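# Chain and residue survey
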Protein chains: 2
Amino acid sequence: MEVVLIGSGSVATHLGLALQARGIAIHQVYSRNITNAEILSKKLNASFISDISDIYMDADIYFYALTDNAFKSILKKIKLPNGIHVHTAGCIPMTEFEGFSSKYGVLYPLQTFSINKMVDFSQIPICIEASNLEVQKKLFEIGNLLSNKTYLINSDQRKKLHLAAVFACNFTNYMYDIASTILEDSGFSFEIIQPLIAETAEKIKTMNPYEAQTGPAVRMDEKTISKHLLLLNKKPDFKKTYRLLTKNIYKRHKKQ
Amino acid sequence: MEVVLIGSGSVATHLGLALQARGIAIHQVYSRNITNAEILSKKLNASFISDISDIYMDADIYFYALTDNAFKSILKKIKLPNGIHVHTAGCIPMTEFEGFSSKYGVLYPLQTFSINKMVDFSQIPICIEASNLEVQKKLFEIGNLLSNKTYLINSDQRKKLHLAAVFACNFTNYMYDIASTILEDSGFSFEIIQPLIAETAEKIKTMNPYEAQTGPAVRMDEKTISKHLLLLNKKPDFKKTYRLLTKNIYKRHKKQ
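In what follows, the accompanying structure is described. (Residues numbered from 1 in each chain as written. Chains lettered and ligands numbered in written order. Predicted model: local features only at pLDDT ≥ 70, side-chain atom pairs only at ≥ 80, totals over all residues. Heavy atoms only, no water.)

Along chain A, the regular secondary structure elements total nine helices and eight strands. Taking the principal axes of its C-alpha atoms as reference, chain A extends roughly 65 × 40 × 30 Å. Considering chain A as a whole, with its 256 residues, one finds that 57% of them fall into the buried category. Counting contacts in chain A only where the partners sit at least 6 residues apart, residues at least 24 apart contribute 53% of the total. Here chain A has roughly 10,900 Å² of accessible surface; of this, 50% comes from carbon and sulfur atoms. Where the 31 positive side-chain charges of chain A centre and where its 24 negative ones centre are 9 Å apart. (Helix = DSSP H or I, 4+ residues; strand = E, 2+ residues; numbered from the N terminus. Buried < 20%, exposed > 50% of the residue type's maximum accessible area, 1.4 Å probe, protein only. Contact = heavy atoms within 4.5 Å. Areas by Shrake-Rupley, 256 points an atom, 1.4 Å probe, with all protein chains shown as cover. Lys, Arg positive; Asp, Glu negative; His and termini not counted. Charge placed at Lys NZ, Arg CZ, Asp CG, Glu CD.)

Structural data, given as structure tokens:
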């Protein structure tokens, strides 16, 4: 199977590495930025291009790991080669390929990727969607090769999954970022709070997060809340966040 | 060493169990609610009271695991026995004991506790503070018995640590709660997102959370953000949360 990787960001990098580790060679890497294209192509022993019109025409699968805008701009720029065209985005409908190709689909790995942080792909839920049964079969094969968990999920459902992921991952990470900043400003190492972060994430494997809620907001401890708000006087964005989340948690758990 | 436990909530429960497991017997449990007092005293093979004036007078240490209000109300109700008086709260200054006792301190376990979720106390950072060196020595002994990490931390610093913990734990759990609700409303099991939650928490052991930030807000992906906001139309509190956190993350990462 010959694969072309369109994109050079963190998803392209980790998908490329995972495919390669399972014996699927990456033939070519494209990135608008020639330096990025070269960096990733070296990791993958692939050739690289920075002009999309130089795309290799005979690959079996083209993976698009791009932002929404970059993805749409490429569809407009070239006539898509034969082969299967697959994007990896949570929030782009599969039908964006309609009219550009007849064999297309989605392979969305539900995970957070940073270029230099290794991940165990076998634990990542892979959400696939396909324009026809032939593509579906191929994407299931690749999904099962990459991971123990491959799901057939349509674009509408995938968008909701992606929304949930923004809360569970991106916004959660922002909470860590605020905690880290408060600790640093107070002379603490971030390390002191890591057992708490680990237990918070561990707890919801066996408890519903609603039931797992603790803290001043859920017990309506106004004195503690006031003291915390005072400490945040010089951090208006953190303070707004504290206020809103405290109010929401209180409302959500208030006895009727 | 004879210990009296004042309180019957999750901190009292897990502190009592951890002390017992290290060979420190709990002599008596107090709770305003006689049922709760009885439940916890059974777990700890201790006697129980629901009238604070029945408190055992000859204990070596009295642990107060109470809300701010309940704590203050007890100090007013009785003349404190001899022995060392120690509270476990993140946000109550040690000096609240001043005038009520001469030997007092704080033992604050930096962790989230729910009554029926077991925790490994040996991994919990224990923050202690003491009114004199004798009490400090005793609290270090207990801290080291309970955990591998005991720190001497004053009330002002402890308050900041507690504030960071609210973000890293309580608000993070609320993000999980929102994600879980979105998934449930969309017919998904919460399980599908657990590898993502685990990796998000794991990632910041080796990366700064600021560097680890991913998602539509940090890459200013307006199309995805608009689609997500539309999905949240019937959940105004989730929508406000999404808007504020997206704005904050964007501001925090915007190139100058």
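Picking up where we left off.
Moving on, we get to helix 3 (residues 68–77) of chain A. Residues of helix 3 of chain A that are buried: D68(A), A70(A), F71(A), I74(A) and L75(A). Contacts made by the buried residues of helix 3 of chain A are with strand 1 (3–6), strand 2 (26–30), strand 4 (61–64) and strand 5 (84–87) of chain A together with helix 8 (222–231) of chain B.

This part takes up the packing of aromatic side chains. How two aromatic rings sit relative to each other is given by the distance of their centres and the angle of their planes. All told, the structure shown has 16 aromatic pairs over all chains when counted by the stated rule. Among the aromatic residues, those joined into a cluster by ring pairs are Y64(A), F71(A), F97(A) and Y104(A). (Phe/Tyr/Trp six-rings, centres within 6.5 Å; stacked < 30°, edge-to-face > 60°.)

With that settled, the discussion passes to the sheet that holds strand 7 (residues 126–130) of chain B. Residue and element names in this part refer to chain B. One open sheet accounts for eight strands, arranged 3-2-1-4-5-6-7-8; its pairing is mixed. Edge positions in the open sheet fall to strand 3 (47–49) and strand 8 (150–152), since each of these has one partner strand only. Neighbour-to-neighbour, the strand axes of the sheet open up by a mean angle of 25 degrees, direction not taken into account. Pairing of strand 4 (residues 61–64) with strand 5 (residues 84–87), which is carried by four bridges, proceeds in the parallel orientation. Residue pairing across strands places F63 opposite V86, the latter belonging to strand 5. Strands strand 1 (3–6), strand 2 (26–30) and strand 3 of the sheet are contacted by helix 2 (residues 34–43), whose axis makes an angle of about 165 degrees with strand 3. Each of strand 4, strand 5, strand 6 (104–109), strand 7 and strand 8 touches helix 4 (residues 133–146); the most contacted strand, strand 7, lies at about 170 degrees to it. (Pairing = 2+ DSSP bridges. Axes fitted to C-alpha atoms, helices over the stretch in contact; angles between N-to-C directions.)

Expressed as a screw transformation, the operator carrying chain B onto chain A has a rotation angle of 180 degrees and an axial translation of 0.0 Å, and the superposed copies differ by an RMSD of 0.0 Å. Given the turn and translation reported, the copies of this chain are related as if by a two-fold rotation axis. Using C-alpha coordinates, one finds that chain B approaches the rotation axis most closely at T172(B), a distance of 2.6 Å. When the interface residues of chain B are mapped onto chain A, 100% of them again lie at the interface, so the same face is used by both copies. (Least-squares fit on C-alpha atoms with pLDDT ≥ 70 in both.)

Residues and elements named next belong to chain A. A positive phi angle, close to 50 degrees, is found at M220, a residue other than glycine. Tracing the backbone shows M220 in the loop between helix 7 (209–212) and helix 8 (222–231). Assessed through its relative accessible area of 31%, M220 is described here as partly exposed.

This brings us to the interface of chain B and chain A. Each side of the interface is counted separately: chain B has 91 residues, and chain A has 91 residues. Of the roughly 8,800 Å² buried between chain B and chain A, counting both surfaces, carbon and sulfur atoms make up 67%. Viewed at the interface, chain A and chain B are joined by eight salt bridges. Salt-bridge contacts for E199(A) lead to K117(B); the nearest nitrogen and oxygen are separated by 3.2 Å. Remark: the boundary between chain B and chain A carries 42 residue pairs in polar contact (both at pLDDT 80 or more). Going through the elements one at a time, helix 3 (68–77), helix 5 (155–185), helix 6 (194–203), helix 7 (209–212), helix 8 and helix 9 (236–253) of chain B are the ones with two or more residues in the side of chain B that touches chain A. A total of 26 residues in the side of chain B that touches chain A trace back to one element, the largest contributor, which is helix 5 of chain B. When the residues that make up the side of chain B that touches chain A are grouped by side-chain class, the tally is 47 nonpolar, 26 polar and 18 charged. (Buried area = accessible area lost by both parts, 1.4 Å probe. Salt bridge = Lys/Arg side-chain N within 4 Å of Asp/Glu carboxyl O. Polar contact = N/O pair within 3.5 Å; in protein donor to acceptor, adjacent residues only side chain to side chain. Nonpolar A, V, L, I, M, F, W, Y, C, P; charged D, E, K, R; others polar.)

Residue and element names in this part refer to chain A. Spatial strand order, 3-2-1-4-5-6-7-8: eight strands in an open sheet with mixed pairing. Of all strands in the sheet, those with a lone pairing partner are strand 3 (47–49) and strand 8 (150–152), marking the two edges. Strand after strand, the sheet turns through a mean of 25 degrees between neighbouring axes, direction not considered. Bridge analysis of strand 2 against strand 3 gives three bridges, and the strand direction is parallel. Residue pairing across strands places V29 opposite F48, the latter belonging to strand 3. Its contacts with the sheet place helix 1 (residues 10–21) against strand 1, strand 2, strand 4 and strand 6 (104–109), and it is angled at close to 165 degrees to strand 1. The sheet strands contacting helix 2 (residues 34–43) are strand 1, strand 2 and strand 3, and the helix crosses strand 3 at an angle near 165 degrees.

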